[in-house]
Amino acid sequence: MEQYEWEQLSPEEKKKQLYLNQKQTLEAFLERGAISRAQYDKSLGDLTEKMGMA
């Protein structure tokens, strides 16, 4: 996402985009074996809860 596009987002949209980016990172770690399924599940659950994305 370009800087201009980011600046046009509302705070709620920025929060959602950050959440999706973090989730994608966790998925990449899981796919590459950098973290276990249990670590992925725990991290995603914590991320979801802390960011209020439930």
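Note that the structure is predicted; figures quoted are calculated from it, not measured.

## Some words on the overall build of the protein
Phase 1: When helices and strands are counted, the protein shows three helices and zero strands.
Phase 2: If you list the helices and strands of the protein from N to C, you get α-α-α.
Phase 3: Here the C-alpha atoms of the protein give a radius of gyration of 13 Å, more than 25% beyond the 10 Å that 2.2 N^0.38 yields for 54 residues.
Phase 4: With respect to the principal axes defined by its C-alpha atoms, the protein has extents near 35 × 25 × 10 Å.
Phase 5: When the accessible surface of the protein is summed, it comes to about 4,400 Å², and 50% of that surface belongs to carbon and sulfur atoms.

## Let's talk about helix α2 (residues 11-31)
Phase 1: Helix length check: α2, at 21 residues, gives a terminal C-alpha distance of 30 Å against a target of 30 Å (1.5 Å per residue), a fit within 8%.
Phase 2: Immediately downstream of α2, the backbone of Gly-33 shows phi near 80°, a positive value.

## Let's talk about the pattern of salt bridges
Phase 1: Scanning the entire structure with this criterion turns up three salt bridges.
Phase 2: The closest approach of N and O atoms between Glu-27 and Lys-23, which form a salt bridge, is 3.6 Å. In this pair, Glu-27 and Lys-23 both sit in helix α2, four residues apart, roughly one turn of the helix.
Phase 3: The exposure class of Lys-23 is partly exposed, given its relative accessible area of 26%.

## Some points on the side chain of Thr-48
Phase 1: The topology assignment puts Thr-48 in helix α3 (residues 37-50).
Phase 2: Looking at Thr-48, the relative accessible area reads 14%, which means it is buried.
Phase 3: Thr-48 has contacts with Tyr-19, Met-53 and Ala-54, leaving out every residue within four places of it along the chain.

## With respect to the environment of Gln-17
Phase 1: With respect to the element layout, Gln-17 can be found in helix α2.
Phase 2: Judged by relative accessible area, which is 25%, Gln-17 ranks as partly exposed.
Phase 3: Residues Gln-17 and Met-1 lie 16 residues apart in sequence; the distance between their C-alpha atoms is 9.7 Å.
Phase 4: Setting aside residues up to four positions removed in sequence, Gln-17 forms contacts with Met-1 and Trp-6.

Cut-off values and rules
- Residues numbered from 1 in each chain as written.
- Predicted model: local features only at pLDDT ≥ 70, side-chain atom pairs only at ≥ 80, totals over all residues.
- Heavy atoms only, no water.
- Helix = DSSP H or I, 4+ residues; strand = E, 2+ residues; numbered from the N terminus.
- Rg over C-alpha atoms; globule rule 2.2 N^0.38 Å.
- Areas by Shrake-Rupley, 256 points an atom, 1.4 Å probe, with all protein chains shown as cover.
- Expected span 1.5 Å × (residues − 1).
- Salt bridge = Lys/Arg side-chain N within 4 Å of Asp/Glu carboxyl O.
- Buried < 20%, exposed > 50% of the residue type's maximum accessible area, 1.4 Å probe, protein only.
- Contact = heavy atoms within 4.5 Å.

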